[in-house]
Amino acid sequence: MENNLELREFICEVGRRAYAREMGAANDGNISVLLDDGTLLCTPTGVSKGFMKPEMICHIERSGKPIGDGRYRPSTEIGMHLCVYDHRDDVRSVVHAHPLYATVHAICGKPLTQQIMPESTMFLGEVPLTPYGLPSTPELSDAIIPYLQRHDALLLENHGALTYGHDLNSAYFKMEALDYYAKVVYLAASYGGAKEFNADQIERLLDVRRKHFNQPGRHPFLNLAEQVRQEDH
């Protein structure tokens, strides 16, 4: 087995967390991490994320070509991950899953735009819905490109969700936060709908983020040029 055993074990741990939180049935979902040498570790195809072992994690080139003669093949949706890395120099990990409430929004064609909780407003802003793309094909990658520069979390129409960040913890926690946001929106609808923040309240929350949280990544409500400058430093 190649090196990076600790990281392989952590990918398996994140897979178990996602499976335990019902972020996908059977073999759904995939995880990748970009290494310092430009190669990647990613989850294998046809294996439940709740039952992975370190030796199952695939080592691939930036092109997607497997490194070595391992018995496990990389996820068939690795092209979507590579697309994220190609368009976001700051991203080092990508997580794709089918979390229940987020997926309900995705299959109903409902982006998450309501500003109703401090945490989701400060750290996600909103989660757009990307056009449908056939899974495991370039269509899926092409569909997400217009959204990558301003968002760190996406709903994939009639499919699931995608999150990414500067490390695996960041990418995975955004997936948890996304699904919790979707769940609150869904449940609040049965009480007549959530009470939303006004423009002043939103701006004050963004100011809290600027002053008190060193949060790498992009945010749709903040100036893009400023965020890129922060990443460069």
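Residues numbered from 1 in each chain as written. Predicted model: local features only at pLDDT ≥ 70, side-chain atom pairs only at ≥ 80, totals over all residues. Heavy atoms only, no water.

For the protein, an unreviewed UniProt entry supplies the name Aldolase and the organism Rhizobium leguminosarum bv. trifolii.

What is the right way to read the packing of helix H1 (residues 5–20) against helix H6 (residues 168–189) from this model?
When two helices pack together, their arrangement is captured by the angle between the axes and the distance separating the axes. Running from N to C, H1 and H6 point in directions that differ by 5°, and their axes come no closer than 11 Å. On the basis of the axis angle, H1 is roughly parallel to H6. Counting all contacts with H1, which are made through Phe10, Ile11, Val14, Arg17 and Ala18, the residues of H6 involved are Leu168, Asn169, Tyr172 and Phe173. Among the residues making up the contact of H1 with H6, the classes are represented as 7 nonpolar, 1 polar and 1 charged. (Axes fitted to C-alpha atoms, helices over the stretch in contact; angles between N-to-C directions. Helix = DSSP H or I, 4+ residues; strand = E, 2+ residues; numbered from the N terminus. Parallel < 35°, antiparallel > 145°, perpendicular 65-115°, else oblique. Contact = heavy atoms within 4.5 Å. Nonpolar A, V, L, I, M, F, W, Y, C, P; charged D, E, K, R; others polar.)

Looking at this model, I keep getting lost on the state of the cysteines. Mind explaining?
Note on terminology: a disulfide is the covalent bond linking the sulfur atoms of two cysteines. This structure, assessed with the given rule, holds 0 disulfides. Lacking any disulfide linkage, cysteine 12 is separated from the closest cysteine sulfur, that of cysteine 58, by 11 Å. Here cysteine 42 is not disulfide-linked; the sulfur of cysteine 58 is the nearest cysteine sulfur, at 4.8 Å. (Disulfide = S-S within 2.5 Å.)

I would appreciate a short explanation of the packing of aromatic side chains in the present structure.
To describe a pair of aromatic rings, you give the distance between the ring centres and the angle between the ring planes. The final tally for this structure, using the stated rule, is 4 aromatic pairs. Where tyrosine 101 meets tyrosine 186, the ring centres are 5.4 Å apart and the plane angle is 65°; that geometry is what we call edge-to-face. Here tyrosine 186 lies in helix H6 and tyrosine 101 lies in helix H3 (residues 100–107), a separation of 85 residues in the sequence. Judged by centre distance (5.1 Å) and plane angle (90°), the rings of phenylalanine 123 and phenylalanine 213 are edge-to-face. Of the two residues, phenylalanine 123 sits in helix H4 (residues 118–123) while phenylalanine 213 sits in the loop between helix H7 (199–212) and helix H8 (224–232), which places them 90 residues apart along the sequence. For phenylalanine 123, a relative accessible area of 22% corresponds to the partly exposed category. Among the residues examined, phenylalanine 213 registers a relative accessible area of 37% and is labelled partly exposed. (Phe/Tyr/Trp six-rings, centres within 6.5 Å; stacked < 30°, edge-to-face > 60°. Buried < 20%, exposed > 50% of the residue type's maximum accessible area, 1.4 Å probe, protein only.)

Whenever I open this one, H1 confuses me. Can you help?
In an α-helix, one turn spans 3.6 residues; hence positions three or four apart end up facing the same way. For H1, spanning 16 residues, the distance from its first C-alpha to its last is 23 Å, which sits close to the expected 22 Å at 1.5 Å a residue. All of the buried residues in H1 are Arg8, Ile11, Cys12, Val14, Gly15 and Ala18. All buried residues of H1 fall inside an arc of 160° around its axis, so they share one side. Exposed positions of H1 whose direction lies more than 90 degrees from the buried face are Glu6 and Ala20. Each element contacted by the buried residues of H1 is listed here: strand E1 (30–34), strand E2 (40–42), strand E3 (58–60) and H6. Backbone geometry just after H1 places glutamate 22 at a positive phi near 55°. (Expected span 1.5 Å × (residues − 1). Arc of directions from axis to C-beta.)

Explain the nonpolar core to me, please; I cannot follow it from the model alone.
Nonpolar side chains tend toward joint burial in soluble globular proteins. Of all hydrophobic cores here, the largest spans 34 residues; its most connected members are Ile11, Leu112, Val127, Leu155, Leu178 and Tyr181. Elements with a contribution of two residues or more to this core: H1, E1, strand E4 (93–97), H3, strand E6 (153–156) and H6. (Core = buried A, V, L, I, M, F, W, Y, C linked by side-chain atoms within 4.5 Å.)

In this structure, what is going on with the pairing of strand E7 (residues 160–165)? I would like to understand it.
Note on strand geometry: in a regular strand, side chains alternate between the two faces of the sheet. Within E7, 6 of the 6 residues are buried, which leaves it mostly tucked inside the rest of the structure. Inspection of the sheet shows E6 paired to E7 by 4 bridges, in the antiparallel sense. Residue pairing across strands places leucine 156 opposite glycine 160, the latter belonging to E7. What sits between the antiparallel neighbours E6 and E7 is a turn of 3 residues, in which asparagine 158 has the positive phi angle 55°. (Pairing = 2+ DSSP bridges.)

Looking at this structure, I do not really get the pairing of E6. What am I missing?
Burial along E6 is two-sided: Ala153 and Leu155 and Leu154 and Leu156, pointing in opposite directions, are all buried. Strand direction decides the pairing type here: strand E5 (residues 129–130) and E6, joined by 2 bridges, are parallel. Paired with leucine 129 across the two strands is leucine 155, which belongs to E6. Running through helix H5 (residues 138–144), the crossover from E5 to the neighbouring parallel element E6 is right-handed. (Right-handed = clockwise from strand over helix to strand, strands pointing away.)

Whenever I open this one, the pattern of salt bridges confuses me. Can you help?
Pairs may arise between side chains of opposite charge once their charged atoms sit close together. If you walk through the whole model with that rule in mind, you get 12 salt bridges. Among the salt bridges present, the one from aspartate 90 reaches arginine 218, with a minimum N-O distance of 3.7 Å. A residue pair is termed long-range when its members are at least 10 positions apart, and aspartate 90 in the loop between helix H2 (78–87) and E4 and arginine 218 in the loop between H7 and H8 qualify at 128 residues. Assessed through its relative accessible area of 19%, aspartate 90 is described here as buried. Arginine 218 gets classed as buried once you look at its relative accessible area, which sits at 7%. In this structure, the salt-bridge partner of lysine 174 is aspartate 152, at a minimum N-O distance of 2.9 Å. Highlighted residues: lysine 174 in helix H6 and aspartate 152 in the loop between H5 and E6, separated in sequence by 22 residues. (Salt bridge = Lys/Arg side-chain N within 4 Å of Asp/Glu carboxyl O.)

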